[in-house]
Amino acid sequence: MHFSVCLALIHNNNQLRNDYIRPKIEALISSMEANFLASKIEVSFQSEIKPHSLAMAFIRDVIYQNLDSKWRRYLLLKSRKFRSAVNFFRASFVKYILNTNGIANRWKRNSAIEVAVTDKHIRAWFQFLDSGADYLIVFEDDAVFKDDSAVRLNALLNALSKNHMNKPCYVDLGGGCKLAALMIDRLETSQDESYRYYKKPVTNTACAYLISRELVATFCATLTRRPWLRLVGIDWMMNSLFILCGERVSDCICMHADPAIFKHGTTTGEYVSWQAEAPN
């Protein structure tokens, strides 16, 4: 059993969600034991959520605006800097000056929640590196299992262990956003009955994903050098890390399960998002 997997559950101590997903993860681990050494970690602690200041919320908006420009270049799309800048300042005026329907107040709280969630993923990454496992599979607590989730995930791990060991690897397991909204079709190289393959690593959402040890180590090293990335929501942060890592992940295996191996419960309507659950 030289091949090992660590499963991480990112949650918010929501008993209803945990009562569902914990037994599912334990059953998944049991299904792996014949072929892999599997372990589990949980990351849940967060400080009391206090809304960001207006300045911090705006700074994060500026960071997102800058990342959007880099993201378009990464996706081989046309630059739209002028139009994007105009739209950004218009949206900022509506949000922060007019504060239409209290949008700024909601965003200041949701901004703080995003940073807290990102921090949990990063903590899971560092715990995984300490574990010595080969692959990390991360679940947020709104992941919903399908009838064939365990079978498909085990088949994926078998394929990775045979064909891609010691290579940087990222597999999106939970889907979420529609492909058209992601605008990543120019990066797609092929598709089979189970996966889409991309020439550059990209993520969809962070609901459920598999990531190799080498790639996690690269991510953590980059975060140490660029700590401001911790202010970015987890989906955007991972894509930002892919961009910044550049040549270091040029040989990264990137696959998106299609159909998804797990459902993103917030997207499918089976759960309400953490932001919506939080009081305004």
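Conventions used here
Residues numbered from 1 in each chain as written. Predicted model: local features only at pLDDT ≥ 70, side-chain atom pairs only at ≥ 80, totals over all residues. Heavy atoms only, no water. Pairing = 2+ DSSP bridges. Helix = DSSP H or I, 4+ residues; strand = E, 2+ residues; numbered from the N terminus. Axes fitted to C-alpha atoms, helices over the stretch in contact; angles between N-to-C directions. Contact = heavy atoms within 4.5 Å. Buried < 20%, exposed > 50% of the residue type's maximum accessible area, 1.4 Å probe, protein only.

Enquirer: Please clarify how the sheet that holds strand β2 (residues 37-43) should be interpreted in this entry.
Expert: Strand pairing in a sheet relies on backbone hydrogen bonds. The paired strands run either parallel or antiparallel. The sheet built from eight strands is open, its strands ordered β2-β1-β3-β8-β5-β9-β7-β6 with mixed pairing. Each edge of the open sheet is held by one strand with a lone partner, namely β2 and β6 (188-191). Between one strand axis and the next, the sheet turns by 20° as a mean value, whatever way the strands run. In this sheet, strand β9 (residues 253-257) lies alongside strand β5 (residues 169-172) in parallel orientation, the contact comprising four bridges. By the bridge assignment for β9, V171 is matched with M255. Here helix α1 (residues 15-32) sits on the sheet and contacts β1 (4-10), β2 and β3 (135-140); the angle it forms with β1, its principal contact strand, is near 180°. The strands touched by helix α7 (residues 213-225) within the sheet are β5 and β8 (208-212), with β8 carrying the most contacts at an inclination of about 90°.

Enquirer: Teacher, can you tell me more about the pairing of β9 here?
Expert: Regular strands show a simple pattern: their side chains alternate between the two faces of the sheet. Among the five residues in β9, five count as buried, and that is most of the element. Here β9 shows a buried face lined by I253, M255 and A257 and a second buried face lined by C254 and H256. Pairing analysis gives four bridges linking strand β7 (residues 195-198) to β9, with the strands arranged antiparallel. Among the inter-strand pairings, Y197 is bridged to a residue of β9, identified as M255.

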